[in-house]
Structures are given as structure tokens and as C-alpha cells.
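Here's the letter readout for the chains.
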Amino acid sequence: MAPAAVAMPPVEAPNVAEEFVDHRDGLALEATSDAVDEVNVLKAAMRVKNGTASQEEVDLYEQSQFDADKDKTQFRQYEDACDRVKNFYREQHEKQTVAYNLKARNDFKSKTRAEMTIWQAMEKLNTLIDESDPDTSLSQIEHLLQSAEAIRRDGKPKWFQLTGLIHDLGKLLFFYGAQGQWDVVGDTFPVGCAFEDSIIYPGTFAGNPDSKDPVYSTKHGIYSEGCGLDNVMLSWGHDEYLYHLCKEQSTLPDEALAMIRYHSFYPWHSAGGYRWMMNEKDHEMLKAVKAFNPYDLYSKSDGIPEVKELKSYYIELINTYFPPREGESERVIKW
Ligand SMILES: O[C@H]1[C@H](O)[C@@H](O)[C@H](O)[C@@H](O)[C@H]1O
Ligand SMILES: [Fe+2]
Ligand SMILES: [Fe+2]
């Protein structure tokens, strides 16, 4: 399928801010019409609901007791983190600029990087050790299964379990043209407006040219109050990348898509920053993202899952929300 032809604003132009606002529908990388048609046909055929989750499903994920017995002081201790983590964030905070983010989105739309199934992607990702993470030295497949299994043990809906299983698969980007880990992993934050103190290591933004830009350094920058997170450019990385793939190629509900897209936006979902940019829908999505977060973070101290034993259960879930095409036993995803 051909990517939608969207005129990108000139990155060097002095009025990038205005251009960005004018073109932001395009920049939001809406699904191409072919992809939308295909997913709609699949949804109708399977009677899988996309849109928002039902009240019953919402109640289910709001009642979580999963993290009640976890010692939260053991996680995300960035001041005590090793140099690997500190150096990672310094580099990320200096290099995630508006100009870079426009370029990254343009590159993303311009090609398909690989074709493989979800399970193949999990296996490929397994060689990556995330430099930004102070809390786990496990492989990615183990982290994904730990998250999914914790959600499953709590009796949450299948789409929620699957979201746990795939939420970090966007890190695959590292193998396909990323500039390092700084544009793949780590927490995310908005670009195009002032970097708030709710971001970890806020002092490291001094080296980011946008922090001196007359527009981008203002509180609202190129945005306006209540503009909605859909219209905000979050620093490019695994969340944003996987969100677009899932939006186009799966039947996952909006809550699942929000969990994927915002799970690293800790300054917002955990530190309470950037509230001014939210619209009505974002308040609903925040509940979903907050419900997901403990399974991502606190499952890191759970036992190591048996990959082989769990595979067939999860393949069935994958096939429910990424329905195979005719002749396929598992859906081949365009990455
Ligand atoms: O180090 C971690 C890791 O990269 C996660 O995948 C990401 O979601 C978190 O936000 C980050 O803190
Ligand atoms: Fe992540
Ligand atoms: Fe994760």
C-alpha cells in the first residue's frame, strides 16, 4: 500500500511552528485509506470492537491490585542510576529536537522496514539490551511476557494481555535505521514547547537547541491549551512507531492504542506534567495508560517466564487482534 502523500513542512524554515500546526493532521500520520479499509473489513468480519472498550472492560482494568505488594522505592531510581543510564538521557535530551522529530516521522512514512510476524519480531528484539532502563537486565522477550502474564493473572481482558505482550516491540526500530538508542527507548516528552521539570534529568536539556528557540522554549510553544495529545509531537521512539503500526494493522481498541503510544510518557502519566495540553478524550486515555503502567514497571521483579510453554496461548491472542490473511497462519506485519 502506498504511504499517504503528505507535504512535510520545511524543517529549516523560521516559522516551523506555524507550518507544523497547519500540517499536523498529516504529521499525526493517520492511517492510509487502504489500510483503514482493510482493518474495517477485518473488524466487521470478526465482530471485534475497535473504538473504545466497553464499560465492563474499563471496570476490569480499573480494579487492579497487581502492584499492592510491590516495593515501589526499588524502581526508577534515576539519581542512583549507573552512568550508562545517565549518559543515555543526556544524549536523548540534547538530540530530540523538533527538526529531528519531523525528519523521523517523514522517514517512517517513506518505507516499510521489514515484513515479519509478531512472534518473529519478539525473537529479533531479544538481542537488544535497553540502555535507558535502570530496572531490568532481562531480555526483551522476557519483559514482554512478564508484563502480559501479570495482566493475565489479574484476569484482565485479552486485548489488555496482548497489549502487554507487544507494547515494547517498537524497539525493533533500533535495527532499522535508528541513530542510536536515544531515538528508540527511554521516557518520552513533548517537543515544540518548553521541557518541563516533570521529565527526569531536566537539567540536561540545556544542550538541546530547542531550549533556546523563541517559540519552542515557551510554555505552550507551537501548541495551545487543550489541543489534545493526538496533536502533540512526542519525542520519537518505540511508542510512537508501534502505535502507528497497530493503528493500521490491528483491531486493538483505542485504550490499547493509548497504552502503547503513551506508556513511556512518564512526565504526563506519572509525574502529573503537561496537563494543560489534554482534551476530553485524553482524560479517558490517561486512565487506561495508568492502568497499564504497573504491569510494565513492577512486573520486572517477577519470576522469569517460560517462553516455550506460553507461546501457543499468545499466538492465539495475536491472531485475534492481528488476523492472518488468507494463506497465512500468522499475520505478516509490515514493520
Ligand atoms: O527505560 C525504559 C524503557 O525504555 C521502556 O521501554 C520505556 O517504556 C520506559 O519509559 C523507559 O523508562
Ligand atoms: Fe517501553
Ligand atoms: Fe516495557
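About the criteria used
Residues numbered from 1 in each chain as written. Chains lettered and ligands numbered in written order. Predicted model: local features only at pLDDT ≥ 70, side-chain atom pairs only at ≥ 80, totals over all residues. Heavy atoms only, no water. Helix = DSSP H or I, 4+ residues; strand = E, 2+ residues; numbered from the N terminus. Buried < 20%, exposed > 50% of the residue type's maximum accessible area, 1.4 Å probe, protein only. Contact = heavy atoms within 4.5 Å. Areas by Shrake-Rupley, 256 points an atom, 1.4 Å probe, with all protein chains shown as cover. Donors = N, O, S within 2.8 Å, 3.2 Å for Na, K, Ca; no water. Core = buried A, V, L, I, M, F, W, Y, C linked by side-chain atoms within 4.5 Å. Salt bridge = Lys/Arg side-chain N within 4 Å of Asp/Glu carboxyl O. UniProt positions renumbered as here; feature names shortened; annotations may be inferred. Disulfide = S-S within 2.5 Å. Near = heavy atom within 4 Å. Polar contact = N/O pair within 3.5 Å; in protein donor to acceptor, adjacent residues only side chain to side chain.

Take the overall build of the protein next. When you go through the protein residue by residue, the secondary structure sums to 14 helices and two strands. Counting across all 335 residues of the protein, residues that qualify as buried make up 56%. Contacts in the protein between residues far apart in sequence, at least 24 positions, make up 80% of those at least 6 positions apart. A total accessible area of about 14400 Å² is found for the protein, and carbon and sulfur atoms account for 48% of it.

Before going further, it helps to examine the coordination of the iron ion (ligand 3). Six octahedrally arranged donors around a metal ideally form angles of 90 or 180 degrees; four tetrahedrally arranged donors ideally form angles of 109.5 degrees. Those protein atoms acting as donors to the iron ion (ligand 3) are His143 (NE2), His167 (NE2), Asp168 (OD) and Asp296 (OD), and they sit at 2.2 to 2.3 Å. We note that the donor set of the iron ion (ligand 3) lies within a single chain, spaced as H-x23-H-D-x127-D. The two metals, the iron ion (ligand 3) and the iron ion (ligand 2), are separated by 3.8 Å and share Asp168 as a common coordinating residue. You can see His143 sitting in helix H8 (residues 140-153) and its partner His167 sitting in the loop between helix H9 (158-166) and helix H10 (238-249), a full 24 residues away along the chain. The class for His143 is buried, based on a relative accessible area of 4%.

Quick look at the nonpolar core now. If you look at the biggest cluster of nonpolar residues, it comprises 65 residues, and the most contacted ones within it are Ile166, Leu169, Leu252, Phe322 and Trp335. Sequence-distant contacts of Leu169, that is, excluding residues within four places in its chain, are made with Ile118, Ala121, Met122, Leu125, Leu144, Leu242 and Trp335. Residues Val98, Ile199, Met285 and Leu286 belong to the second largest nonpolar core, which totals 27 residues.

Counted under the stated rule, the structure contains 13 salt bridges. When the shortest N-O distance is used, the salt bridge between Lys171 and Asp168 registers 3.4 Å. Comparing Lys171 with Asp168, the two get one shared label, buried. The closest approach of N and O atoms between Glu240 and Arg261, which form a salt bridge, is 2.9 Å. A residue pair is termed long-range when its members are at least 10 positions apart, and Glu240 in helix H10 and Arg261 in helix H11 (residues 254-262) qualify at 21 residues. Assigned by exposure class, Glu240 and Arg261 land together as buried.

Further remarks concern the UniProt feature "binding site: substrate" (unreviewed entry) in the protein. The UniProt feature table records "binding site: substrate" (unreviewed entry) at Arg76, Asp130, Glu131, Ser132, Lys171, Gly186, Asp187, His263 and Ser264. According to the relative accessible area criterion, Glu131 is partly exposed, its value standing at 35%. With respect to the helices, strands and loops of the structure, Gly186 is situated in the loop between H9 and H10. Assessed through its relative accessible area of 9%, Gly186 is described here as buried. Every residue in contact with Gly186, bar those within four places of it in the chain, is listed here: Phe88, Tyr89, Gln92, Ser132, His238 and Ser264.

Take the coordination of the iron ion (ligand 2) next. Asp168 (OD), His238 (NE2) and His263 (NE2) make up the full set of protein donors to the iron ion (ligand 2), lying at 2.0 to 2.2 Å. Coordination of the iron ion (ligand 2) draws on donor residues from a single chain, spaced D-x69-H-x24-H in sequence.

So, about the state of the cysteines. Tallying each qualifying case throughout the model produces zero disulfides. Left without a disulfide partner, Cys193 is nearest to the cysteine sulfur of Cys227, which lies 8.4 Å away.

Close to ligand 1 lie 15 residues, the nearest being Asp130, Ser132, Lys171, Asp187 and Ser264. Between ligand 1 and Tyr78, the relevant distance is 3.4 Å, taken from an oxygen atom to a side-chain nitrogen or oxygen of the residue. Within the backbone of Gly186, a nitrogen or oxygen atom sits 3.1 Å from an oxygen atom of ligand 1. Protein chains bury 97% of the 300 Å² of accessible surface belonging to ligand 1 in isolation.

Before going further, it helps to spend a moment on H11. Note on helix geometry: an α-helix contains 3.6 residues per turn, so any two residues three or four positions apart are oriented the same way. A large share of H11 lies buried, amounting to eight of its nine residues. Among the residues making up H11, those that are buried are Glu255, Ala256, Leu257, Ala258, Met259, Ile260, Arg261 and Tyr262.

Sites flagged by UniProt as "binding site: Fe cation" (unreviewed entry) map to His143, His167, Asp168, His238, His263 and Asp296. In contact with His143, other than residues within four places in its own chain, are His167, Asp168, Asp296 and Lys300. Here Asp296 lies in helix H13 (residues 280-297). Its relative accessible area of 6% is what places Asp296 among the buried residues. Non-local contacts of Asp296, meaning those with residues more than four positions away in its chain, are made with His143, Ser147, His167, Asp168 and His263. Reaching out from Asp296, the side chain makes a polar contact with the side chain of His143 at a distance of 3.0 Å.

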